[in-house]
Amino acid sequence: MIKMKIRALAELCHVSDKEAFLYLLLSAAGWTYFVHQYLYSTGLGIAVPKYASY
Amino acid sequence: MLEITTAIFLTLLGSAIYHLIPQAKVRLRMGWVAALSFFIILAHHPIAAFAAGAAGIFAWILYLLGRRNGIWKKYGPFSLIALLMVFSYEDILVATDPFSNALVQFGMSFYILRLYLALRTAAARDQRVRLEEFFVIALFFPIFPAGPICAQEAFSRSAALDRPLLNNYLLGLMRIGIGIFALYFVPTIISFLAMPIIQWSSVLFVVDWAAMDGFSAYLVMLLLFLLLYANFAGYTQIAIGLGLFFGFEIPENFRYPFLATNIQNFWQRWHLSLSKFITTQIYLPLMLSLRKPRVSIFLAFALVGMWHQVNIQYLVWGVGHGSMLVAYMTFNGSPLHKSIVSRVNAKLWMLLSWLLTISMVSFLSVFANQPGLPEALAFAQSLVSGW
């Protein structure tokens, strides 16, 4: 099932299956970093240890 | 980070309104994209927005004149190059901070090239281009600061428009995620790696080269080039993603340039839209008139160096790339090349070629991006001293 989804993504992006998988990984990493930074910079991050370094 | 949040939010909102306009009303849709882009650039830099808008109108007038008169059609687009020179020389677009200033100046260079390409494409295909199309080509905000250099083909009816809307939005969000990784996360890793060697300055590429030995300078040079790639490629991914929200297919600009094993291969992987522009708009016309491929490629890259910025560093960049391509064209397939390849282990030869290519392109990029000639010379000096 996951393989088929990745193949469909690869076809949409005109890249190989491996590249499509890499795209997904990098994108997930990017959005995770974005959410972390956004919560941190706006002070909304309840779960983010904002003052942990003090 | 908050700037990208605003950009994504505005694009989501803008694209939602865009999709509410019926597909048949193409002019209204394009007009909306042009107006949205204009107001976003206006909020960032008012002079840039008006200058870009004026250049869009100017290009459209050139296009109309070209439809009536063959001489305007052939030579009219060159007047855009004159406009670019005015933007490059005059300080009318100087912003308060150096990064923003560089962003706007590069934006000017990019959109002038896009308009030039739009005029040439329209002339070659004898197609009708409307005013709002010129505005979208000039001002579409995700590609405004740094390309890719694309014209009508990115904004005309594409395969992306035929896909379900949700697919386009999901693909766009995926591309933006990759862009955020490259643009924000990779620099964090690079600065962590470089911390033992240098103290990072607030301005990119400002490094105290005099305090470094040759090996450290070499490592920092590679890291700075990687940083430039992450920055540029990340930005392009975000532009492609934001374009997909509207159903535009912004072309890819990079194809793993760090895997290039020679300079020709590097230009098949790095800044693909500029590479295509150089080939079709500068190299081939020069080649047709001069009939000398080596001279043509050398001149084309020298000109592109000056297009980036009018200074000695970028002239060195252009001449350097041109010389490397000429050297490669001469050496590749020559008896000397064949003799070396037959004697040396293939993998070792590939490794050496890769190392030489990456080192040379990194050197030229870091040299060109130094804030001034003294800093560029200090960088070159630090590379050859104290190994």
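Residues numbered from 1 in each chain as written. Chains lettered and ligands numbered in written order. Predicted model: local features only at pLDDT ≥ 70, side-chain atom pairs only at ≥ 80, totals over all residues. Heavy atoms only, no water.

As a further point, take the overall build of chain B. From N to C terminus, chain B includes 18 helices and zero strands. For chain B, the residues scored as buried account for 51% of the 387 residues in total. Long-range contacts, defined as pairs at least 24 residues apart, comprise 70% of the intrachain contacts of chain B with a sequence gap of at least 6. Here chain B has roughly 18,400 Å² of accessible surface; of this, 70% comes from carbon and sulfur atoms. (Helix = DSSP H or I, 4+ residues; strand = E, 2+ residues; numbered from the N terminus. Buried < 20%, exposed > 50% of the residue type's maximum accessible area, 1.4 Å probe, protein only. Contact = heavy atoms within 4.5 Å. Areas by Shrake-Rupley, 256 points an atom, 1.4 Å probe, with all protein chains shown as cover.)

With that settled, consider the side chain of B:R29. With respect to the helices, strands and loops of the structure, B:R29 is situated in helix α2 (residues 26-44). Within the structure, B:R29 has its side chain in polar contact with the backbone oxygen of B:I21 (distance 3.1 Å). (Polar contact = N/O pair within 3.5 Å; in protein donor to acceptor, adjacent residues only side chain to side chain.)

So, about the pattern of salt bridges. Residue and element names in this part refer to chain B. Summed over the entire model, instances satisfying the criterion amount to three salt bridges over all chains. Residue E132 is joined to R27 by a salt bridge in which the shortest nitrogen-to-oxygen separation is 2.7 Å. Of this pair, E132 sits in helix α7 (residues 131-139) while R27 sits in helix α2, and the two are 105 residues apart along the sequence. Residue class for E132 comes out buried when judged on its relative accessible area of 12%. The class of R27 is partly exposed, set by a relative accessible area of 48%. Residue E252 is joined to R175 by a salt bridge in which the shortest nitrogen-to-oxygen separation is 2.5 Å. (Salt bridge = Lys/Arg side-chain N within 4 Å of Asp/Glu carboxyl O.)

Now for the packing of helix α10 (residues 165-194) of chain B against helix α11 (residues 214-245) of chain B. Residues and elements named next belong to chain B. Two elements in contact, α10 and α11, have axes whose closest approach is 7 Å; the angle formed by their N-to-C orientations is 165 degrees. Of the possible angle classes, the one that applies to α10 and α11 is roughly antiparallel. Pair α10 / α11 crosses with left-handed handedness. Its residues assigned to classes, the contact of α10 with α11 comprises 23 nonpolar, seven polar and one charged. (Axes fitted to C-alpha atoms, helices over the stretch in contact; angles between N-to-C directions. Parallel < 35°, antiparallel > 145°, perpendicular 65-115°, else oblique. Left-handed = near helix turned anticlockwise from the far one by under 90°. Nonpolar A, V, L, I, M, F, W, Y, C, P; charged D, E, K, R; others polar.)

Further remarks concern the packing of aromatic side chains. Residues and elements named next belong to chain B. Taken as a whole, this structure holds 35 aromatic pairs over all chains when the rule is applied. Relative to F134, the ring of Y63 has its centre 5.7 Å away and its plane inclined at 55 degrees; by these criteria the two rings are tilted. A residue pair is termed long-range when its members are at least 10 positions apart, and Y63 in helix α3 (residues 46-68) and F134 in helix α7 qualify at 71 residues. Across the pair, exposure class does not vary: Y63 and F134 are buried alike. Chaining the aromatic ring pairs together yields one cluster made of F225, Y229, F232, F254, F258, F266, W267, W270, F301, Y314 and W317. Across from the ring centre of Y18, 4.5 Å away, lies the NZ or CZ of R29, which sits over that ring. R120 extends its terminal NZ or CZ atom over the ring of F78, reaching a point 5.1 Å from the ring centre. (Phe/Tyr/Trp six-rings, centres within 6.5 Å; stacked < 30°, edge-to-face > 60°. Lys NZ or Arg CZ within 6 Å of the ring centre and 35° of its normal.)

What follows covers a nonpolar patch on the surface. All names here are of chain B. On the surface, I71, Y75, F78, I81 and M85 cluster together into a nonpolar patch covering about 500 Å² of accessible area. The set of elements that each furnish at least two residues to the nonpolar patch consists of α4 (70-75) and α5 (78-89). Among the elements that take part in the nonpolar patch, α5 stands out by supplying three residues, more than any other. Relative to the helices and strands, I71 is located in helix α4. On the basis of relative accessibility, which here comes to 58%, the residue I71 falls in the exposed class. (Patch = residues over 30% accessible without salt bridge, like charges linked within 9 Å, V, L, I, M, F, W, Y side chains within 5 Å.)

What follows deals with the interface of chain A and chain B. Listed per partner, the contact involves 18 residues of chain A and 20 residues of chain B. Both faces considered, chain A and chain B share a buried interface measuring about 1,700 Å² in area, 77% of it formed by carbon and sulfur atoms. Taken together, the links from chain A to chain B amount to zero salt bridges. For the pair chain A and chain B, the interface holds four residue pairs in polar contact (both at pLDDT 80 or more). When residues of the side of chain A that touches chain B are traced back to their parent elements, those giving at least two are α1 (2-13) and α2 (17-42) of chain A. Per element, the largest residue contribution to the side of chain A that touches chain B is 15 residues, and it comes from α2(A). Looking at side-chain class alone, the side of chain A that touches chain B contains 12 nonpolar, five polar and one charged residues. (Buried area = accessible area lost by both parts, 1.4 Å probe.)

Bringing the confidence of the model for chain B into the picture now. All names here are of chain B. Of all residues in chain B, 89% attain a pLDDT of 70 or more, and the chain-wide mean is 84. Looking at the elements of chain B, mean pLDDT is at its lowest for helix α9 (residues 159-162), recorded as 65, and at its highest for helix α12 (residues 263-267), recorded as 95. Counted against residues more than four places away or in other chains, residues 90-100, with its pLDDT under 50, gives 14 contacts. (pLDDT = per-residue confidence, 0-100.)

Looking now at α10(B). With 30 residues, α10(B) should cover 44 Å at 1.5 Å per step; its first-to-last C-alpha distance of 43 Å lies within 8% of that length. If you look at α10(B), its biggest bend is around 35 degrees, right at B:F185, and the proline B:P187 turns up within four residues after that. (Expected span 1.5 Å × (residues − 1). Bend = angle between axes of the 7 residues up to and from the residue.)

Bringing the confidence of the model for chain A into the picture now. Here chain A averages 79 in pLDDT, while 76% of its residues score no lower than 70. Counted against residues more than four places away or in other chains, residues 47-54 of chain A, with its pLDDT under 50, gives five contacts.

Once that is clear, we can look at unusual backbone geometry. Residues and elements named next belong to chain B. Of note in this structure, H271 is not a glycine but carries a positive phi near 45 degrees. With respect to the element layout, H271 can be found in the loop between α12 and α13 (272-290). In this model, R291 sits at a positive phi of 60 degrees, which is unusual for a non-glycine residue. Tracing the sequence through the fold places R291 in the loop between α13 and α14 (293-308).

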